[in-house]
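Architecture and fold: a report
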Amino acid sequence: MSRMNPSAVRELLKVAERPDVLSFAGGLPAPELFPVKEIAQAHADVLARDGQAALQYSSTEGFVPLREWVRARLARRGIKVDIEQVLITSGSQQGLDLAARVLLDPGDRIAVESPSYLAALQTFSGCEVSFVTVGSDDEGMRVEELEAAQREGPIRLIYAVPEFHNPKGTTLSSAAAYN
């Protein structure tokens, strides 16, 4: 625990919540773009249909009807998975933490884009890894820099943000490809 640093994201959010600050640092979405009505309707639908089960503690893997919905959506995209392979997390941070715990050991080298997501860096730091910083441009991670880093020793994990890159931004082509 002595190696753990305070959360940079938490400190950014403390500043960003001040009404006199318009912060671009925390990667916060514009609140006026939140689909509040749609989320309220989704909550109402779930509570009307499965209210007691939805509000009860559930298995670690997540609410079964939601896991089934994810499985079916993946199947429509041609990705066949069993429901046992679907895990619902409480956000990207939990997913990164779980992956890091499974894949990383102290001393492992991991490649990260520059710039990179602060919370991911903090999560990986908790695993006592060594970071290899790789530049990025409008096309993503600079592959030639990654290849050079691999010649210096094995890289256990590569962390890249291929779509809607935060904090760097995204290109129109990748935004269009997502839709």
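To be clear, the structure that these remarks concern was listed above.
The following refers to the structure shown. (Residues numbered from 1 in each chain as written. Predicted model: local features only at pLDDT ≥ 70, side-chain atom pairs only at ≥ 80, totals over all residues. Heavy atoms only, no water.)

Quick notes on the overall build of the protein
Helix and strand counts for the protein come out as seven helices and four strands. Listing every helix and strand of the protein by position from the N terminus yields α-α-α-α-β-α-β-β-α-β-α. Burial status across the protein gives 21% buried among its 179 residues. Taking all contacts inside the protein whose residues are at least 6 apart in sequence as the whole, residues at least 24 apart take part in 46%. (Helix = DSSP H or I, 4+ residues; strand = E, 2+ residues; numbered from the N terminus. Buried < 20%, exposed > 50% of the residue type's maximum accessible area, 1.4 Å probe, protein only. Contact = heavy atoms within 4.5 Å.)

Describing the sheet that holds strand β3 (residues 140-141)
The strand order across the open sheet formed by four strands is β3-β2-β1-β4, and the pairing between neighbours is mixed. Two strands close off the open sheet at either side, each with one partner strand: β3 and β4 (157-159). Where strand β1 (residues 109-114) meets β4, three bridges bridge the pair, whose relative direction is parallel. Bridging from a neighbouring strand, I110 pairs with L157 of β4. Of the strands in this sheet, β1, β2 (130-137), β3 and β4 are in contact with helix α6 (residues 143-151), which crosses β2 at around 160°. (Pairing = 2+ DSSP bridges. Axes fitted to C-alpha atoms, helices over the stretch in contact; angles between N-to-C directions.)

A look at the pairing of β1
Extensive coverage of β1 is indicated by the burial of five of its six residues. The sheet contact formed by β1 and β2 spans six bridges and is parallel. Paired with R109 across the bridge in β2 is S130. What joins β1 to β2 is helix α5 (residues 118-125), and the crossover it makes is right-handed. (Right-handed = clockwise from strand over helix to strand, strands pointing away.)

Description of the environment of L121
By the element assignment, L121 lies in helix α5. Discounting residues that sit within four places of it in the chain, L121 has contacts with V112, S116 and F131.

Comments concerning the nonpolar core
Judged by nonpolar contacts, L96, A100, L104, I110, V112, A120, F124, C127, V129, L157, Y159 and V161 together constitute the single largest core of 12 residues. Listing elements by their share of this core, those giving two or more residues are α4 (92-103), β1, α5 and β4. Other than its neighbours up to four places away in sequence, L96 contacts Y117, A120, T123, F124 and Y159. (Core = buried A, V, L, I, M, F, W, Y, C linked by side-chain atoms within 4.5 Å.)

Structural notes on the pattern of salt bridges
One pass over the full model with this rule turns up seven salt bridges. R49 is the partner of D50 in a salt bridge, and the nearest nitrogen-oxygen pair spans 3.3 Å. Given a relative accessible area of 23%, D50 falls into the partly exposed group. Look at R49 and you get exposed, because its relative accessible area is 58%. Residues joined in a network through salt bridges with shared partners are D105, D108 and R156. (Salt bridge = Lys/Arg side-chain N within 4 Å of Asp/Glu carboxyl O.)

Regarding the side chain of R109
Tracing the backbone shows R109 in strand β1. There is a polar contact of 3.4 Å between the side chain of R109 and the backbone oxygen of A149. For R109, the residues in contact, after removing those within four places along its chain, are S130, V132, A149, E152, G153, P154, I155, R156 and L157. (Polar contact = N/O pair within 3.5 Å; in protein donor to acceptor, adjacent residues only side chain to side chain.)

Brief notes about the packing of α4 against α5
For any two helices packed against each other, the geometry comes down to the angle between their axes and how far apart the axes lie. Interaxial distance between α4 and α5 falls to 9 Å at its minimum, and their mutual angle equals 30°. Classified by the angle their axes make, α4 and α5 are roughly parallel. As for the relative orientation of α4 and α5, their crossing is right-handed in sense. Contact residues: Q93, L96, D97 and A100 in α4; A119, A120, T123 and F124 in α5. For the contact of α4 with α5, a count of residues per class yields five nonpolar, two polar and one charged. (Parallel < 35°, antiparallel > 145°, perpendicular 65-115°, else oblique. Left-handed = near helix turned anticlockwise from the far one by under 90°. Nonpolar A, V, L, I, M, F, W, Y, C, P; charged D, E, K, R; others polar.)

Just distances and angles here, no functional claims.
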